[in-house]
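# Observations on chain architecture
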Amino acid sequence: MTFAEAEPAHTPARSDSPADLRRMAVFLASAAAEHIRVRRREVGVGGGRAEGTDVKSSRVDPVTVVDRESEELIRGLVASLRPGDAVFGEEEGGAGARAEGIRWVVDPIDGTVNFLYGIPAFGVSVACEKDGRIVAGAVADVAGGRIFHAAVGGGAALRDSSGREVELRCSAPEDLGVSLVATGFSYSAKRRAVQGALVADLLADVRDIRRIGSAALDLCLLAAGGVDCYFEHGLNLWDWAAGALIAQEAGAVVKLPDPGAGTAEGELVAAAAPTVADEFFGALESRGALGPISRNGG
């Protein structure tokens, strides 16, 4: 399958309005998701391995040829349809934060470990930053055939595999004790040890905790009411940019780092249903978890 064949039949008109940038984000995430679905069958994925797999920050941080192809596809579509826009991606980097203009923030496969093991929880995350602010985003649930998407001030929605659109609203739990919390862990062993201790301590105060393996999908599940709260330390901008906007537009209260903060600083990304947001953030604060957790565990 070529990249040209992955392109959907209808392309969005060029405009810098949040609504049109949202349509572009959906288009890009959808094209990459279709490419991933096809290529996953071709590269021999299974048991945590696949043809063309390498590692990045540590030996438990994989990158596959399909990650790279997905980002290449998105970059090619942006260059073709919106020449002059910048792209900042997980695999190839790109332009830094822009005070003016359009920048696309891309995670070509969020949940690569799940992808390698055949766990159906991995996605494509595409956010659009306009004049330094995230204004639109889409997250494709590749295995589920769904697209979560939002524009600033325009609400959040889910497009299912049949093309039906449903408005997203987050949940309204009575209190933290009946709240389902999602989280994730670092590739750094020392940071992960601190995160594990934090989860163990928090577990007694909540309904339960889920570790799904994709920050972007965690935030979208929160938007859809699939979980009530989410937190994780040490994410990069491409991990949370689209998902956080989708959660916020669905009514969640979010706490985000500066967009320029990287994983090394270990800053917190957190979101919660509004009925328990104060209680949830208070629980994190009481455990010293509103601040960063560095790679060295401090």
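Going by the structure above, here's the rest.
Let us look at the structure shown here. Values in this document were obtained by computation on a predicted structure and should not be read as measured data.

### Some details on the sheet that holds strand E15 (residues 268-272)
Strand order in the open sheet formed by five strands is E12-E11-E13-E15-E14, with mixed pairing between adjacent strands. Of all strands in the sheet, those with a lone pairing partner are strand E12 (208-211) and strand E14 (253-255), marking the two edges. Averaged over all pairs of adjacent strands, the angle between their axes in this sheet comes to 15°, without regard to strand direction. Looking at chain direction, strand E13 (residues 229-233) and E15 are connected through five bridges and run antiparallel. Across the sheet, His 233 pairs through a bridge with Leu 268, a residue of E15.

### Considerations on helix H6 (residues 215-223)
Among the nine residues of H6, eight are classified as buried, and the element is accordingly described as predominantly covered. Considered for burial, the residues of H6 that qualify are Ala 215, Ala 216, Leu 217, Asp 218, Leu 219, Cys 220, Leu 222 and Ala 223. At the C-terminal side of H6, Gly 225 shows a positive phi close to 85°.

### Focus on the side chain of Arg 22
In this structure, Arg 22 sits in helix H2 (residues 18-40). Comment: no salt bridge for buried Arg 22; closest opposite-charge side chain is Glu 165, at 5.9 Å. If near-sequence neighbours (up to four positions away) are discounted, Arg 22 is found in contact with Ala 136, His 149, Ala 150, Ala 151, Gly 154, Gly 155, Ala 156 and Ala 157.

Cut-off values and rules
Residues numbered from 1 in each chain as written. Predicted model: local features only at pLDDT ≥ 70, side-chain atom pairs only at ≥ 80, totals over all residues. Heavy atoms only, no water. Pairing = 2+ DSSP bridges. Helix = DSSP H or I, 4+ residues; strand = E, 2+ residues; numbered from the N terminus. Axes fitted to C-alpha atoms, helices over the stretch in contact; angles between N-to-C directions. Buried < 20%, exposed > 50% of the residue type's maximum accessible area, 1.4 Å probe, protein only. Lys, Arg positive; Asp, Glu negative; His and termini not counted. Salt bridge = Lys/Arg side-chain N within 4 Å of Asp/Glu carboxyl O. Contact = heavy atoms within 4.5 Å.

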